[in-house]
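Fold and geometry: a report
For reference, the chains in residue letters:
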Amino acid sequence: MNAHSAITAVAPAQPELAATALAFRAGMRKLAGAVSILTVGEGERRSGLTATSVTSLSVDPPTLIICVNRSSSARATLIEEGRFAINVLRPHHQALADQFAGRNGEKGPERYKGADWTRLETGAPVLNDALAAFDCYLEEAIERHSHIIVIGRVAAARITENAEPLLYWAGAYRGLEASPANV
């Protein structure tokens, strides 16, 4: 074997990558996730998106991660504003999750209709009755493949006690089921 043989290794054919991507997506749908909306901007520049890709990064300092598709309509506003909120949704917010996903063509400020909004420290829109709301400054945005890994430094947080999350699992919205089998 010469020194060049490792460098000239042939990558797998495209159909295998497509099958792997499909299997990956199917596998990821087996992970139940809390449904959140990212909100950003003011006035006519308000935008946002629905996500299940939110996770904690650190408690000290309080930071979180959200993965945002590079083609998202909220991407430019998020990067320019440098502040945003993550609003963890409750079961009665399913229609709002669909609005922020643009399921009926809603864009920008249209996504905010029918909900009660406030602001905390950064000025980003915060859903008044969210299960939890994290008001963040953009600490870093890392471009990888089709997405941007957004790291948010939490400036303020608020929770609603005695409420349950809206979940997304196997391609559909779900709620928690309280039964002896689940305890």
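Just so we're clear, the structure is a prediction, and the values are computed from it rather than from any experiment. (Residues numbered from 1 in each chain as written. Predicted model: local features only at pLDDT ≥ 70, side-chain atom pairs only at ≥ 80, totals over all residues. Heavy atoms only, no water.)

1. Some remarks on the sheet that holds strand β10 (residues 147-159)
The following threshold applies: When DSSP finds at least two bridges between two strands, those strands are taken to pair. To qualify as a helix, a DSSP run of H or I must reach at least 4 residues; to qualify as a strand, a run of E must reach at least 2; elements of each kind are numbered from the N terminus. Structural elements are reduced to axes, namely lines fitted to C-alpha atoms, with helices fitted over the stretch in contact, and the angle between N-to-C directions of any two is expressed from 0 to 180 degrees.
Taken in spatial order, the seven strands of this open sheet run β3-β2-β6-β9-β10-β5-β4, and their pairing is antiparallel. Of all strands in the sheet, those bounded by a partner on one side alone are β3 (47-51) and β4 (54-59). When strand polarity is set aside, the average angle formed by the axes of neighbouring strands in this sheet is 30 degrees. Here four bridges tie strand β2 (residues 36-40) to strand β6 (residues 83-88), and the two strands are oriented antiparallel to one another. Counted as the bridge partner of threonine 39 is alanine 85 from β6.

2. A word on the layout of surface pockets
The line we're drawing: Only protein atoms enter the 1 Å grid used here. Points where a 1.4 Å probe fits but cannot escape make up a cavity, open sets with protein on both sides within 12 Å along at least five of seven lines make up a pocket, and a residue lines them when an atom lies within 4 Å of a point. Grid points are joined across faces, edges and corners, and a volume is the space filled by probe spheres set on the points. The classification used treats Ala, Val, Leu, Ile, Met, Phe, Trp, Tyr, Cys and Pro as nonpolar, Asp, Glu, Lys and Arg as charged, and all other residues, Gly among them, as polar.
Size it by volume and the largest pocket reaches roughly 1,300 Å³. Considering the residues around the largest pocket, the lining is formed by 32 residues, among which Thr50, Ala51, Thr52, Ser53 and His147 are closest to the centre. With four residues, β3 is the single largest residue contributor to the lining of the largest pocket. For the lining of the largest pocket, the class distribution of residues is 15 nonpolar, twelve polar and five charged.

3. Describing the environment of glycine 33
Position of glycine 33 relative to the elements: it lies in strand β1 (residues 33-34). Glycine 33 sits 137 residues away from alanine 170 along the chain, and the two C-alpha atoms are 10.0 Å apart.

4. A word on the sheet that holds β1
Pairing between sheet strands relies on hydrogen bonds along the backbone, with the strands arranged either parallel or antiparallel. The strand order across the open sheet built from three strands is β1-β11-β12, with neighbouring strands paired in antiparallel fashion. Looking at which strands have only one partner, the edges of the open sheet turn out to be β1 and β12 (172-174). As paired elements, strand β11 (residues 167-169) and β12 share three bridges and run antiparallel to each other. For leucine 167, the partnering residue across the bridge sits in β12 and is arginine 174.

5. Section: the nonpolar core
Heads up, the condition is: Working definition of a nonpolar core: buried Ala, Val, Leu, Ile, Met, Phe, Trp, Tyr and Cys residues. They are joined through side-chain atoms within 4.5 Å. Note on exposure labels: buried denotes an accessible area under 20% of the residue type's maximum, exposed denotes more than 50%, and partly exposed covers the range between, all computed with a 1.4 Å probe on protein chains only. Only heavy atoms matter for contacts: two residues are in contact if any of them lie within 4.5 Å across the pair.
Grouped together as the largest cluster of nonpolar side chains are 16 residues, with contacts concentrated most on Leu89 and Trp117. Listing elements by their share of this core, those giving two or more residues are α3 (94-100) and β8 (125-127). Residue contributions to this core peak at three residues, all from α3. In contact with leucine 89, other than residues within four places in its own chain, are Val35, Ser36, Ile37, Ala97, Leu127, Leu131, Glu164, Pro165 and Leu166. Counting 15 residues, the second-largest nonpolar core is a separate cluster that includes Val40, Ile66, Cys136 and Ile148.

6. As for unusual backbone geometry
Following aspartate 60, the chain continues to proline 61 via a peptide bond in cis, the omega torsion being 0 degrees. Phi at asparagine 162 takes a positive value of approximately 55 degrees, unusual for a residue other than glycine. By the element assignment, asparagine 162 lies in the loop between β10 and β11. Positive phi, normally seen in glycine, also occurs at alanine 170, with a value near 55 degrees. With respect to the helices and strands, the residue alanine 170 is situated in the loop between β11 and β12.

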